[in-house]
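Coordinate analysis (summary)
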Amino acid sequence: MAEYNHREIEKKWQKYWEDHQTYKVEIDKSKPKFYVLDMFPYPSGAGLHVGHPLGYIASDIYSRFKRLKGFNVLHPMGFDSFGLPAEQYAIQTGQHPAITTEKNINTYIAQLKNIGFSYDWSREVRTSEPDYYKWTQWIFCQIFNSWYNKDTDQAEPISTLYDAFSKGGSAAVNATTEDDLPEFSAEEWNSYSEEKKYEVSLDYRLTYLADSVVNFCPALGMVLSNDEVKDGVSERGGYPVIQKKMSQWMMRITAYADRLIRGLDEIDWSESLKEQQRNWIGKSVGASVKFKVENSDKQIEVFTTRVDTIYGVSYLVLAPEHEWVAELTTPEQKAAVDKYIEDTQKRSELDRVSDVKTVSGAFTGSYCINPVNGERVPLWIADYVLAGYGTGAVMGVPSGDQRDWNFATHFNLPIVPILDTQKDLDKQADATKEGKYINSGMINGLEYKEATQKLISWLEENKIGKGKVNFRLRDAVFARQRYWGEPVPVYFKKNEEGRDIPYLVSDKDLPLILPEIDKYQPTETGEPPLGRAANWTYTPEGESTAYPLEMSTMPGWAGSSWYWFRYMDPKNKEAFASKEALDYWKDIDLYLGGTEHATGHLLYSRFWNKVLKDLGYVQEEEFAKKLINQGMIQGRSSFVYRVKNTAVPTFVSFGLKDQYEVTPLHVDVNIVDGDVLDVEKFKATRNDIGDNPEFILENGKYICGSEVEKMSKSKFNVVNPDTLVEKFGADTLRLYEMFLGPLTESKPWDTKGIEGTSRFLRKLWRLYFDPNFRVEEVEPTKENLKTLHKTIKKVQEDIENFSFNTSVSTFMIAVNEFTEQKCKSKSVLRDFLIVISPYAPHIAEELWEALGEKTSITLASYPQWNAEFLKEDAFEYPIQVNGKVRLNLSFSAEASKEEIEKAVLENEQVIRWMEGKPLKKIIVVPKRIVNVVI
């Protein structure tokens, strides 16, 4: 083949890889394993744009490199295929989400194969396939059947809880659970019926039912995650979202809060991402205190990191959703409280806690008693307190906290100084811990540390408080009131009091298959869509009664919280993965994905992994040793400028727009070439601009404006990789995306730049064909070997440091040097192909075959660089006399300082420039410069 034809070459080798299953991998204990994984993509209808493959290309380069280095590489791909977008489309069209999802996945697979990724497609998994979600349901059951033992610091089977109760009652158990659960003795436990024991255990399990405040979207009829809510409306559809208390399945991730923090020290993730997780978990050391409600048997518990400020409390605040608000609100305050609660429901939790400027609240009319001094404290509600965080109540100390000061000032509440060093309390709060306490009863005259210890001891002695570690992290809501998700394998029986008690579907009856329904919306009575299913019931073995099944489905993060294990053994019907596969592959060695998953997917995945380890199913405490967050490829948007108030739609070119009053409109970047708009295509493709538009041109052309912003369909700046692959080739796209800049940084896309990368590949081709095959069995020159080995060294270092952009520069330099050297050496050009093959695998395979190789280049060994070939034979020194360069002299690279000094001082030109003046000193900087000082 004399000419480089990327279309023929790339299709040829993609077919070869598929036919020969080149990337299929099995357990091979003779090789070290290496597991490279891209974060699970959701197959959207839009398919891939050029921003999506950035991380995939990087992981593919690394995977190919590790294979060449002798590793057995697992590099799979699959799809997180449950999700809201497909369901919304189903609601709008009536088409089953599975059909939409299948179509989208096929588009993704075609695009991914088109770019030449080295995925083992035999291991593809999809979270919406019953063979997959059977094991998601099974893991749910294992978590449900576990409790967290604080004494052993791990999850244990529920049978060990029963055993502890039978021997020592509730006092024998140190579990992560709700506070103030009923106490019972071993005798009482042993007297309980099996049904009673089971119901008691429900309060201790890692999965449980509880009332929780959620993001509820009435228009969609479902609960949304925080990620699915933007500015108080649903991300999909823009419908209002309110805060609503509902009975939800929860997972007790809080049991793992400390381990989740500690584990961050053991993994190679970016510090910024680890800090996000630490902040999200939010460990705080402080004390819990109980404030008795006046004229009531209720006590409101608050957690505070500054128990030393308790004498400065001038009010208490409950979350508007707190279960006691209605009961503790007096008739006189009911209207104001109800109105405030209604307004709060319209705000997201994020808005509520992040808005520090707006001061709002409502007085309940009730009072609490400060336990340390007996003073009456008014009880308010305010939206900056969340029911799901801590106890849903906080104490207001205006002198020491600025938000409390703002609240007290706004509502004319007392501001009590508590330290003799606090200043300017009429202007702002002072959070100092320095000085001695005043107006503070038993701690007057003490300093911070001593005062804190004394108060905690007093609270514990009087059983009205205790020292406590608290976390911002809340238990995870594990339910969605929607259709397209994993069914929760739970059915309900009525107990003697008529309450619904949850029971697990038997393992042998998994998967619990998602049923067919007539519509994908909630029922007319407000039940989730599964309420539409006929006979959505379960009859346990040995019984004749059909019990109702759970109608919520699992959240979007369920299937993605363990998927890396399924890739290890995707066809296993007896387990989520075999022990042999788990023992061999263990964990992910390199994980690539976006930073947006820092506090969602990554946190939940770490949680599930730790539970599975505690229960003995997996070995590793952390699921991913190294994580890299790739940056974003931003779009380069183009704009046309519509002149306002014209009878005929008129558009003015960028350079003339300041002469008119205009409105900028996004325009499809695919019909813009170097800022020049294809006017005819614009008119043909836009039906929103009116009929027969006119264009005011510059030199016969319409010039567009431009701006760098997020790549999205709404901005018309999406570039389809299929178009670029067709025009320039997959290898060109791969190299260009890496060449744009450092992997972890965001960078703008500019299609014009890809042409330079395309020219480079044609130049690479000409090293081998010019126009006929020109490689020969000839000895390489020193220059050939030097270029080759510095390239091997640099590219290996770049890949190991994930500096892929500088590798591309190195390839360009190498090709230029080989071209200048007229290099024809087969041994040199053979090794060079191996080095470039992870980046440009198609052209590398084709040229490899042209060299006479009979097997795929993927089976080659990465060449070793040799330091001997990088040594300089000579170095040309600039020779200065009194700081001015007068000549250059060449010396052996091995020459000593003494040899250089002697030769310089004996040189006739140097002697002439010294003009007979005596030498003061001579400075030799090895391989830099020589300075003769006279």
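Refer to the structure printed above.
Residues numbered from 1 in each chain as written. Predicted model: local features only at pLDDT ≥ 70, side-chain atom pairs only at ≥ 80, totals over all residues. Heavy atoms only, no water.

**Things to note about the overall build of the chain**
Going by this rule: Helical segments are the DSSP runs of H or I of at least four residues, strand segments are the runs of E of at least two, and each set is numbered from the N terminus. With a 1.4 Å probe rolled over the protein chains alone, any residue whose accessible area is under 20% of its type maximum counts as buried; one over 50% counts as exposed, and the rest are partly exposed. Contact definition: two residues touch when any of their heavy atoms are within 4.5 Å. Calculation of accessible area relied on Shrake-Rupley with a 1.4 Å probe; when residues are assessed, cover is drawn exclusively from the protein chains displayed. In this count, Lys and Arg are taken as positive residues and Asp and Glu as negative ones, while His and the chain termini are left out. In plain terms, the charge of a residue is placed at NZ if it is Lys, CZ if Arg, CG if Asp and CD if Glu.
Along its length, the chain carries 28 helices and 35 strands. Considered along the principal axes of its C-alpha atoms, the chain spans approximately 105 × 80 × 80 Å. For the chain, buried positions account for 52% of its 934 residues. Taking contacts inside the chain between residues at least 6 apart in sequence as the whole, the part at least 24 apart equals 71%. Accessible area for the chain stands at about 42,400 Å²; split by element, carbon and sulfur atoms hold 48% of it. Where the 114 positive side-chain charges of the chain centre and where its 139 negative ones centre are 5 Å apart.

**Things to note about the side chain of Asn-470**
If you trace the backbone, Asn-470 turns up in strand S16 (residues 465-471). Overall, the relative accessible area of 12% leaves Asn-470 in the buried class. The residues touching Asn-470, leaving out its near neighbours within four places in the chain, are Gly-282, Lys-283, Ser-284, Phe-303, Tyr-389 and Gly-390.

**What about the packing of helix H1 (residues 6-19) against helix H26 (residues 841-850)?**
Note the cut-off: For every element, the axis is a line fit to its C-alpha atoms; helices are fit only across the contacting stretch, and the angle between N-to-C directions ranges from 0 to 180 degrees. Each angle receives one of four descriptions, namely roughly parallel if under 35 degrees, roughly antiparallel if over 145, roughly perpendicular if within 65 to 115, and oblique otherwise. Polarity classes work like this: nonpolar for Ala, Val, Leu, Ile, Met, Phe, Trp, Tyr, Cys and Pro, charged for Asp, Glu, Lys and Arg, and polar for all others, with Gly in that last group.
Running from N to C, H1 and H26 point in directions that differ by 85°, and their axes come no closer than 9 Å. Of the possible angle classes, the one that applies to H1 and H26 is roughly perpendicular. When H1 is examined against H26, the residues Ile-9, Glu-10, Lys-12, Trp-13, Gln-14 and Trp-17 are found in contact with a partner set consisting of Pro-841, His-842, Ile-843, Glu-845, Glu-846 and Glu-849. Looking at the contact of H1 with H26 residue by residue, the classes come out as 5 nonpolar, 2 polar and 5 charged.

**Comments concerning the pairing of strand S22 (residues 590-593)**
Put simply, side chains in a regular strand alternate between the two faces of the sheet. Selection rule: We call two strands paired when DSSP finds no fewer than two bridges between them. When the strands point away from the viewer and the connection leading from the first strand across the helix to the second strand turns clockwise, the crossover is called right-handed.
Both faces of S22 are covered, namely the face carrying Leu-590 and Leu-592 and the face carrying Tyr-591 and Gly-593. Where strand S1 (residues 33-38) lies against S22, 3 bridges are found, and the strand directions are parallel. Bridging from a neighbouring strand, Asp-38 pairs with Leu-592 of S22. In the sheet, S22 pairs with strand S23 (residues 627-629) via 3 bridges, with the strands oriented parallel. Bridge assignment links Tyr-591 to a residue of S23, and that residue is Leu-627. Each parallel crossover has a hand, and for S22 linked through helix H18 (residues 601-614) to S23 it is right-handed.

**Topic: the packing of aromatic side chains**
Centre-to-centre distance and the angle between the planes together describe a pair of aromatic rings. The condition is simple: Any pair of Phe, Tyr and Trp rings, taking the six-membered ring for Trp, is counted once the centres come within 6.5 Å. Such a pair is stacked with planes under 30 degrees apart, edge-to-face with planes over 60 apart, and tilted for the rest. Only when the NZ atom of a Lys or the CZ atom of an Arg is both within 6 Å of the ring centre and within 35 degrees of the ring normal do we say a charge sits over the ring.
Throughout the structure, instances matching the rule amount to 74 aromatic pairs. Relative to Tyr-567, the ring of Phe-40 lies with its centre 6.2 Å away and its plane at 80°, an arrangement referred to as edge-to-face. Here Phe-40, found in the loop between S1 and helix H2 (53-68), pairs with Tyr-567, found in helix H16 (residues 563-568); they are 527 residues apart in sequence, far enough to count as distant. Like Phe-40, the residue Tyr-567 is buried in the burial classification. The ring centre of Tyr-367 lies 3.9 Å from the NZ or CZ of Arg-376, which sits over that ring. It is Arg-606 that lies over the ring of Trp-269; its NZ or CZ is 6.0 Å from the centre.

**Some remarks on the pairing of strand S4 (residues 154-157)**
Here 4 bridges tie strand S3 (residues 146-149) to S4, and the two strands are oriented antiparallel to one another. Bridge pairing links Trp-147 to Glu-156 in S4.

**Re the environment of Tyr-641**
By the secondary structure assignment, Tyr-641 is in strand S24 (residues 633-643). Taking the C-alpha atoms as reference points, Tyr-641 and Ser-270, 371 residues apart in sequence, are found 43 Å from one another. If we skip the residues at most four places from it in the chain, Tyr-641 touches Thr-650, Phe-651, Val-652, Phe-654, Lys-657, Val-662, Thr-663, Pro-664, Tyr-702 and Gly-705.

**Focus on the sheet that holds strand S33 (residues 884-892)**
Spatial strand order, S33-S32-S35-S34: 4 strands in an open sheet with mixed pairing. Looking at strand neighbours, the two that pair on one side only are S33 and strand S34 (921-925), the edges of this open sheet. Adjacent strand axes in the sheet meet at a mean angle of 20° when their direction is disregarded. Sheet topology places strand S32 (residues 874-881) next to S33; 8 bridges connect them, and they run antiparallel. Each residue of the ladder has a partner; that of Tyr-877, found in S33, is Leu-889. Helix H27 (residues 897-906) rests against S32, S33, S34 and strand S35 (929-933) of the sheet, and its axis sits at about 130° to S34.

**Things to note about helix H25 (residues 826-836)**
Those residues of H25 that fall on the buried side of the exposure criterion are Val-828, Leu-829, Phe-832, Leu-833, Ile-834, Val-835 and Ile-836. Buried positions along H25 lie against H2, helix H22 (754-768), helix H23 (782-800), helix H24 (804-821) and H26.

**A short note on the environment of Gln-299**
Locating Gln-299 in the fold gives a position in strand S11 (residues 299-304). With 10 residues separating them in the primary sequence, Gln-299 and Val-289 have C-alpha atoms 9.4 Å apart.

**Structural notes on the sheet that holds S22**
Strand order in the open sheet formed by 4 strands is S2-S1-S22-S23, with parallel pairing between adjacent strands. Both edges of this open sheet fall to strand S2 (72-74) and S23, since each of them pairs with a single strand only. Pairs of neighbouring strands in the sheet enclose a mean axial angle of 15°, with direction left out of account.

**A short note on a negative patch on the surface**
Just so we agree on the cut-off: Within the patch definition used here, like charges are joined within 9 Å and nonpolar side chains (Val, Leu, Ile, Met, Phe, Trp, Tyr) within 5 Å, considering only residues with over 30% relative accessible area and no salt bridge. For this document, the term salt bridge refers to a Lys or Arg side-chain nitrogen within 4 Å of an Asp or Glu carboxyl oxygen.
A cluster of acidic side chains, namely Asp-420, Glu-434, Glu-447 and Glu-450, defines a negative patch on the protein surface. Of the residues examined, Glu-434 reaches a relative accessible area of 57% and is grouped as exposed.

**Considering H26**
Most of H26 is tucked away, with 8 of its 10 residues classed as buried. Along H26, the residues that are buried comprise Pro-841, His-842, Ile-843, Ala-844, Glu-845, Glu-846, Leu-847 and Trp-848. Check the buried side of H26 and you find it contacts H1, H2, helix H21 (730-739), H22 and H25. Gly-852 lies just past H26 and shows a positive phi near 100°.

**With respect to unusual backbone geometry**
Here the amide bond leading from Leu-510 into Pro-511 is cis, since omega sits at 5°, within 30 degrees of zero. The omega torsion of the bond from Asp-770 to Pro-771 falls at -10°, within 30 degrees of zero and hence cis. Counting through the fold element by element, Pro-771 comes out in the loop between H22 and H23. With a phi angle near 60°, Asn-412 is a residue other than glycine that sits in the positive phi range. Summarising the element assignment, Asn-412 is placed in the loop between helix H14 (402-410) and helix H15 (448-461).

**Some thoughts on the pattern of salt bridges**
Applying the stated rule across the entire model yields 62 salt bridges. For Glu-849, the salt bridge goes to Lys-12, with nearest N and O atoms at 2.7 Å. Of this pair, Glu-849 sits in helix H26 while Lys-12 is found in helix H1, placing the two residues 837 residues apart along the sequence. Given a relative accessible area of 36%, Glu-849 falls into the partly exposed group. Exposure remark for Lys-12: the relative accessible area of 34% places this residue in the partly exposed category. The closest approach of N and O atoms between Lys-626 and Asp-268, which form a salt bridge, is 2.7 Å. Placement of the pair is Lys-626 in the loop between H18 and S23 and Asp-268 in the loop between helix H9 (257-263) and helix H10 (271-281), with a sequence separation of 358 residues. By relative accessible area, Asp-268 is classed as partly exposed at 40%. Here the residues in one salt-bridge network are Arg-259, Arg-606, Lys-610, Lys-613, Asp-614, Glu-621 and Glu-622, joined through shared partners.

**Things to note about the nonpolar core**
Just so we agree on the cut-off: By nonpolar core is meant a set of buried Ala, Val, Leu, Ile, Met, Phe, Trp, Tyr and Cys residues that side-chain atoms within 4.5 Å join together.
Membership of the largest hydrophobic core comes to 92 residues, with the highest contact counts inside it found for Phe-140 and Tyr-591. When residues of this core are assigned to their parent elements, the largest contribution, 9 residues, is made by helix H5 (residues 130-144). Residues contacting Tyr-591, with those up to four places away along its chain left out, are Leu-37, Asp-38, Met-39, Tyr-563, His-601, Leu-602, Phe-623, Ala-624, Lys-626, Leu-627 and Ile-628. One finds Leu-767, Leu-788, Phe-802 and Phe-804 within the second-largest nonpolar core, a separate group that totals 85 residues.

**Notes on the side chain of Thr-309**
Note that Thr-309 resides in the loop between S11 and strand S12 (315-318). The residues touching Thr-309, leaving out its near neighbours within four places in the chain, are Met-395, Val-397 and Ile-418.

**Description of the packing of helix H3 (residues 84-93) against helix H4 (residues 97-114)**
Quick note on the threshold: In a left-handed crossing the near helix is turned counterclockwise from the far helix by less than a right angle, and in a right-handed crossing that turn is clockwise.
Direction vectors running N to C along H3 and H4 enclose 125°, while the axes themselves pass 8 Å from each other. As summarised for this structure, H3 and H4 are arranged oblique, according to the angle between their axes. Note on packing geometry: the crossing formed by H3 with H4 is right-handed. Only Pro-97, Thr-100 and Thr-101 of H4 make contact with H3, whose side of the interface consists of Ala-86, Glu-87, Tyr-89 and Ala-90.

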